[in-house]
Each structure stands twice: as C-alpha cells, then as structure tokens.
Amino acid sequence: MIYKCRNCQFEEARGCLPVTSCGLYMLFLMGIATFLLTAAVRMVRLYLRGDVPHQQSDFGWWSLLQIPPIILLGFVMIFVAALVLDFMLSLIEYLVFVLRKCPKCGSRRWSFGFTRGFGL
Ligand SMILES: [Zn+2]
C-alpha cells in the first residue's frame, strides 16, 4: 500500500499489499473469508448437534423460501468478513512500517496505508 509522510507529503509504496484497489485481491480475501465462515458455521453446528438431534422442517416446499435470504445474508457476511480481513492485514502492514524514518525529512509520522486507482 502507499504511505504518505504527514510532515512533508512524501509518498512511498511499501509492503506486500497492492497499491491499487484490486478486484482479484478482493476475491482472494472473499475466498479466505468463505473458508473461515464455513469452518465457523460447521463448528457451531457440530457443537449444537451434540445436544439437539437434527430436525426435518415441517413446512414442506415452503421451506425453500428461506434459501434466497440465506444466500443474500451469506454474501453480505462474506463481503463484511473480507473487509475486516483487509483492515487487519492493512493494520499489520502499517504497524510493520510505521516506525521507520521518512527518507526526506526524517520524521516518523506516516499516514495509514491507502490505495490509488483501480486495478484488475
Ligand atoms: Zn517526510
């Protein structure tokens, strides 16, 4: 990501996160988020199944109506989880690079990492 010195406006690209807003990177994060959410849901279901036996729904084909909201909620949760992951990775990269000196003015006042423009 790009970091800007808040003292002299010097900009520098550092770290391994992309310097542009990148769709493939977002898809990568959403894949990781899907994996983590699926693992969490499976663990919760495994935990709950120990107490209550799995029940069949009594609503017949009407229970199919719950599928679209569940899919929509799943996409929203995956997107939010990807944003949280992105923030955590940005925070780690920021904490790694925040203590170095600016090569131009020597101060240690860096902005939070940001991206510029759009990439693939
Ligand atoms: Zn500077």
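Quick look at the structure, then. Every value quoted in this text rests on a predicted model; they were computed, and no experiment measured them.

Section: the side chain of Ser107
If you trace the backbone, Ser107 turns up in the loop between helix 2 (67-97) and strand 4 (118-119). With near-sequence residues (within four places) excluded, Ser107 lies in contact with Cys5, Asn7, Arg100, Lys101 and Cys102.

A closer look at the coordination of the zinc ion
Between any two of four tetrahedral donors, the ideal angle at the metal is 109.5 degrees; between two of six octahedral donors, it is 90 or 180 degrees. Looking at the zinc ion, the protein donor atoms are Cys5 (SG), Cys8 (SG), Cys102 (SG) and Cys105 (SG), and they sit 2.2 to 2.3 Å from it. The sequence motif formed by the donor residues of the zinc ion is C-x2-C-x93-C-x2-C. Since its relative accessible area comes to 24%, Cys8 is described here as partly exposed.

Focus: helix 1 (residues 23-49)
Look at helix 1: 38 Å from first C-alpha to last across 27 residues, which is about the 39 Å you get at 1.5 Å a residue. Listed as buried for helix 1 are Tyr25, Met26, Leu29, Met30 and Ala33. Where helix 1 is buried, its residues meet strand 3 (21-22) and helix 2.

Section: helix 2
Taking 1.5 Å per residue, 31 residues should reach 45 Å; helix 2 reaches 45 Å between its end C-alpha atoms and fits that length. Every buried residue of helix 2 is listed here: Ile78, Ala81, Ala82, Leu85, Ser90, Glu93, Tyr94 and Phe97. Packing partners of the buried residues in helix 2 comprise strand 1 (2-4) and helix 1.

Here's the deal with the packing of aromatic side chains
Counted under the stated rule, the structure contains four aromatic pairs. Ring geometry for Tyr94 and Phe112: centres 5.1 Å apart, planes at 50°, overall tilted. Of this pair, Tyr94 sits in helix 2 while Phe112 sits in the loop between helix 2 and strand 4, and the two are 18 residues apart along the sequence. Overall, the relative accessible area of 17% leaves Tyr94 in the buried class. Under the relative-accessibility criterion, Phe112 is labelled partly exposed at 33%.

Points about the pattern of salt bridges
Considering all chains together, one arrives at four salt bridges under this definition. We note a salt bridge from Arg116 to Glu11, for which the minimum N-O separation is 2.9 Å. Note that Arg116 is positioned in the loop between helix 2 and strand 4 and Glu11 in strand 2 (residues 11-13), a separation of 105 residues in sequence. Taking relative accessible area as the criterion, Arg116 reaches 45% and is therefore assigned partly exposed. For Glu11, a relative accessible area of 31% gives the class partly exposed. The partner of Glu12 in a salt bridge is Arg14, with the nearest N and O atoms 3.5 Å apart. Of the residues examined, Arg14 reaches a relative accessible area of 31% and is grouped as partly exposed. If you follow the salt bridges from partner to partner, you end up with Lys4, Glu11 and Arg116 in one network.

Considering a nonpolar patch on the surface
Together, Leu72, Val76, Val80, Val84, Phe87, Met88, Leu91, Leu95 and Phe112 make up an exposed nonpolar region whose accessible area comes to about 820 Å². Within the secondary structure layout, Leu91 lies in helix 2.

Cut-offs used in this document
Residues numbered from 1 in each chain as written. Predicted model: local features only at pLDDT ≥ 70, side-chain atom pairs only at ≥ 80, totals over all residues. Heavy atoms only, no water. Helix = DSSP H or I, 4+ residues; strand = E, 2+ residues; numbered from the N terminus. Contact = heavy atoms within 4.5 Å. Donors = N, O, S within 2.8 Å, 3.2 Å for Na, K, Ca; no water. Buried < 20%, exposed > 50% of the residue type's maximum accessible area, 1.4 Å probe, protein only. Expected span 1.5 Å × (residues − 1). Phe/Tyr/Trp six-rings, centres within 6.5 Å; stacked < 30°, edge-to-face > 60°. Salt bridge = Lys/Arg side-chain N within 4 Å of Asp/Glu carboxyl O. Patch = residues over 30% accessible without salt bridge, like charges linked within 9 Å, V, L, I, M, F, W, Y side chains within 5 Å. Areas by Shrake-Rupley, 256 points an atom, 1.4 Å probe, with all protein chains shown as cover.

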